[in-house]
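# Descriptive analysis of the structure
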Amino acid sequence: MSNESKVIPPALGELRPVVTAVAALTGAFPALPGPVEIGRVVTRHNVALGIRVELHTTFADFEAWRTALGVDPADVEHMPLATVQTLRAYGTFHDVPVVVTAYSPLYTLAQAA
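Because the structure is predicted, anything quoted here is derived from the model rather than measured.

Now for the sheet that holds strand S3 (residues 77–80). Strand order in the open sheet made by the five strands is S1-S2-S5-S4-S3, with mixed pairing throughout. Each end of this open sheet is capped by a strand with a single partner; those strands are strand S1 (36–42) and S3. Neighbour-to-neighbour, the strand axes of this sheet turn through a mean angle of 30°, independent of strand direction. Pairing geometry for strand S4 (residues 84–93) and strand S5 (residues 96–105), over 10 bridges, is antiparallel. Residue pairing for S5: Gly91 is matched across the bridge by Val98. Those strands touched by helix H1 (residues 16–28) are S1, strand S2 (47–55), S4 and S5, and its axis lies near 35° from that of S2. This element, helix H2 (residues 59–69), spans S1, S2, S4 and S5 of the sheet and lies at about 160° to S5.

Listed below in C-alpha cells is the structure:
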C-alpha cells in the first residue's frame, strides 16, 4: 500500500466560480490570447482553484494579460534560465486566482545583431 497522497480532482460544481470568471474574461477581453486552463493553480500563497495561462508566443501577449488583470509591472516575476526566460504574473478576476506565465528563448547579443 502506498503512502502517497492522492490528488482528488475537483468536482464540476466546484469549478463553477472559475468557469464563470473565464466567461466574464471572454466578455470583457475577447482579444486576450489563449489558451486558458482551469483547475488547481499554484499562487504565491497557496494552491487554489483558478485559471492558468501559459504563453509560448510573445511577451506582448503576456503584457496584454498583465494589463487586463491590473498586475503592477513591479509585481511580475522574471526568471532567466540557461536557454529560456520566464515572466509570471499573479492576478485575480472575479475573485478567482489567475496565474499567467510566458516563456521566451534567451537571445545572445550576437543573435540580436
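Along the chain, Gln85 falls in strand S4. For Gln85, a relative accessible area of 18% translates into the label buried. At 3.1 Å, the side chain of Gln85 and the side chain of His78 are in polar contact.

Let us look at the pattern of salt bridges. Counted by the stated rule, this structure contains three salt bridges. Ionic pairing is found between Glu37 and Arg52, a salt bridge with its closest N-O pair at 3.2 Å. On the criterion of sequence distance, the pair formed by Glu37 in strand S1 and Arg52 in strand S2 is long-range, its members being 15 residues apart. Judged by relative accessible area, Glu37 falls into the partly exposed class, the value being 39%.

Rules behind the numbers
- Residues numbered from 1 in each chain as written.
- Predicted model: local features only at pLDDT ≥ 70, side-chain atom pairs only at ≥ 80, totals over all residues.
- Heavy atoms only, no water.
- Pairing = 2+ DSSP bridges.
- Helix = DSSP H or I, 4+ residues; strand = E, 2+ residues; numbered from the N terminus.
- Axes fitted to C-alpha atoms, helices over the stretch in contact; angles between N-to-C directions.
- Contact = heavy atoms within 4.5 Å.
- Buried < 20%, exposed > 50% of the residue type's maximum accessible area, 1.4 Å probe, protein only.
- Polar contact = N/O pair within 3.5 Å; in protein donor to acceptor, adjacent residues only side chain to side chain.
- Salt bridge = Lys/Arg side-chain N within 4 Å of Asp/Glu carboxyl O.

Purely geometric numbers; function is a separate question.
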